[in-house]
Structure formats: C-alpha cells, structure tokens
Amino acid sequence: MSDERPQKPLPEEQLSRETTSLEKAPSVSGPGASAAPAAPVLPGQPVAAPALRASDADRERVVERLRDAVAEGRLDMEEFQERLEAAYASRTYAELEPLTRDLPAVGGGPAGAAAVAAGPGQEQAAWPERIGGAGTSSTAVAVMSGFQRKGQWTVPARFNAVAFWGGGDLDLREASFSQREVVITCIAVMGGIQITVPPGVEVDVRGIGVMGAFDQRGNPGPLQPGAPRVVVTGFAMWGGVEIRVKPLKSDRENKPRRRKEL
C-alpha cells in the first residue's frame, strides 16, 4: 500500500475568498517598488517624443531659461535650485518639460522644453538649438588665394584663420556653435578676412593692427537671449579684419515694409 494520502479539498468558501484576494491584490508601487522593465524599442520603431533621450544641449537650454526666470522675478532662489538640480538629473524630454511648463517664452508665449523664441525677422534667434556639437573645422588658410566658410557649419570653440596675400570669408549667420562663447583668431598679412554675424550676437574685438586694422561695422542691436558670444582676436599687418553685422536675406524680406510717403 502507498503512504500517499489524497489532499483534502479546500472548502468552497475559502477557495473563493483566496481567488478573489489574488484578483484584487493592489499593484506594488512607491519608492521601494521595482518598476516593470520597459518594452525594448526595436530598430526603426517610432519613439514618442517625451521618451526621447535629452542631450546636454537640451539640459543647458532649460537651465538658461530658468536663469532668465530668476532674473525676471518669476522664480525665487529656492525654486530655481530645485529645478536646476532636476534639470541636470533629467534623462528624457518628459522629465525636462515640466520644469519650464509654467514659464513664458522669452517672447511672451508658452515655453516648453523644446520651445524657442523666434519672432518675425528673427529666425536666427533659435539659439538654444544651434549651440552644441563638434566643430566642422578649426583652421582656414589662404596663401595668395582665398577661403570661405558659410551656410550651415559648426564653429568650434577656437577657430584659426590665416590670410597671407589672400582673403577669407567667415559667415556665421546660419552657423551653429560648439559652445556659447567661441574665439576666432585672425592673422592677416597683406590680406583681409571678413567675418559676418547676424544681429543680436555679442561681438568682442580684441585684435591688434600694425599698418592694418580690426574694424567692426554695423549695429548688432539688442542682444538676443541665449545668443553666442564671438571673440575676434589676432594680428593684422598691412591687412585688415572686418566684422560685419548683417541679417540674412530671408530675414530682411520678412520685416514689415514701411509705406513710402509721397
């Protein structure tokens, strides 16, 4: 004979109560609870924008807006400190967005994590999106010839331009910037270098001219929030370095035209 005995069936009332308790058991949540692993994102599968990873430039953009809010009196120092720590600890857009949700944009409109202020004729004012990344090139040399950098390119933290019996053209109106402040060192010997910047950009000219000159032309106008700072330094001998402030053609076309009085 076998020693195994048949298990005694549970009473129907007890079995029903245990089944109900399992079905209605609350999910464990809270600081100590471990979240269920998220489903992996397969290559080519679309990802919702709030779930995208934020970059260092995204975090710096939010921090810059928080600094402006403190200067405007919209945030006190305690609130600023809390949001500042949260911004640097954020990993996704979903974590960054609430930090500026209750703050207006620089132009007075709503400001989200990816919002930028750009009014009519100020398309180049979207500076937070144009700061960050690796420089396209760090040196340009023209010896009895010329060089040109224009259109969409990235200005490194330090750029060296040399013109000897030649000329160079650096157009920064559509460029991005690896850092908020960039330094352009120009050496012009019996040659010339022209640097064109859009309105609203701070320009600091420190070059030395010997029988030559560093000349800044054009009115930069009011500095735009978040715009980069361009430092122009170097040496010019029997040559010159000219810094021009000039908007893009598209910006000029978007400006309202004044009616000519007869």
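Residues numbered from 1 in each chain as written. Predicted model: local features only at pLDDT ≥ 70, side-chain atom pairs only at ≥ 80, totals over all residues. Heavy atoms only, no water.

From N to C terminus, the chain includes five helices and 13 strands. With 262 residues in all, the chain has 31% of them scored as buried. Counted over contacts in the chain with a minimum sequence separation of 6, partners at least 24 positions apart contribute 64%. Carbon and sulfur atoms provide 54% of the accessible area of the chain, an area that totals close to 16,900 Å². (Helix = DSSP H or I, 4+ residues; strand = E, 2+ residues; numbered from the N terminus. Buried < 20%, exposed > 50% of the residue type's maximum accessible area, 1.4 Å probe, protein only. Contact = heavy atoms within 4.5 Å. Areas by Shrake-Rupley, 256 points an atom, 1.4 Å probe, with all protein chains shown as cover.)

In space, the five strands of this open sheet follow the order E2-E5-E8-E13-E11, with parallel pairing throughout. What marks the edges here is a single partner per strand, and that holds for strand E2 (146–149) and strand E11 (213–217). Adjacent strand axes in the sheet meet at a mean angle of 10°, parallel and antiparallel pairs treated alike. Taken together, the five bridges between strand E5 (residues 167–171) and strand E8 (residues 192–197) define a ladder with parallel strand orientation. Looking at E8, one finds that Asp171 is bridged to Thr196. (Pairing = 2+ DSSP bridges. Axes fitted to C-alpha atoms, helices over the stretch in contact; angles between N-to-C directions.)

Here the focus is the confidence of the model for the chain. Summary statistics for the chain give a mean pLDDT of 76 and a share of 68% for residues scoring 70 or more. For the stretch residues 18–48, pLDDT sits under 50, and the model shows five contacts to residues farther than four places along the chain or on other chains. Confidence drops under a pLDDT of 50 for residues 258–262, and excluding neighbours within four residues, the segment shows zero contacts in the predicted structure. (pLDDT = per-residue confidence, 0-100.)

According to the stated counting rule, one finds 14 salt bridges in the structure shown. Note that Arg67 is salt-bridged to Glu64, the shortest N-O span being 3.6 Å. Here the residue Arg67 and the residue Glu64 both occupy positions in helix H2 (residues 56–71), the gap between them amounting to three residues, near one helical turn. Using a relative accessible area of 39% as the deciding quantity, one classes Arg67 as partly exposed. Across the salt bridge formed by Asp204 and Arg206, the nearest N and O atoms sit 2.9 Å from each other. (Salt bridge = Lys/Arg side-chain N within 4 Å of Asp/Glu carboxyl O.)

Now for H2. Side chains that are three or four residues apart share a direction in an α-helix, a result of its 3.6 residues per turn. With 16 residues, H2 extends 23 Å from end C-alpha to end C-alpha; this agrees with the ideal 22 Å at 1.5 Å per step. Restricting attention to buried positions, one finds in H2 the residues Asp58, Arg59, Arg61, Val62, Val63, Arg65, Leu66 and Ala69. Tucked inside the fold, the buried residues of H2 contact helix H3 (77–89) and helix H4 (93–96). Once H2 ends, the next one or two residues include Gly73, with phi positive near 85°. (Expected span 1.5 Å × (residues − 1).)

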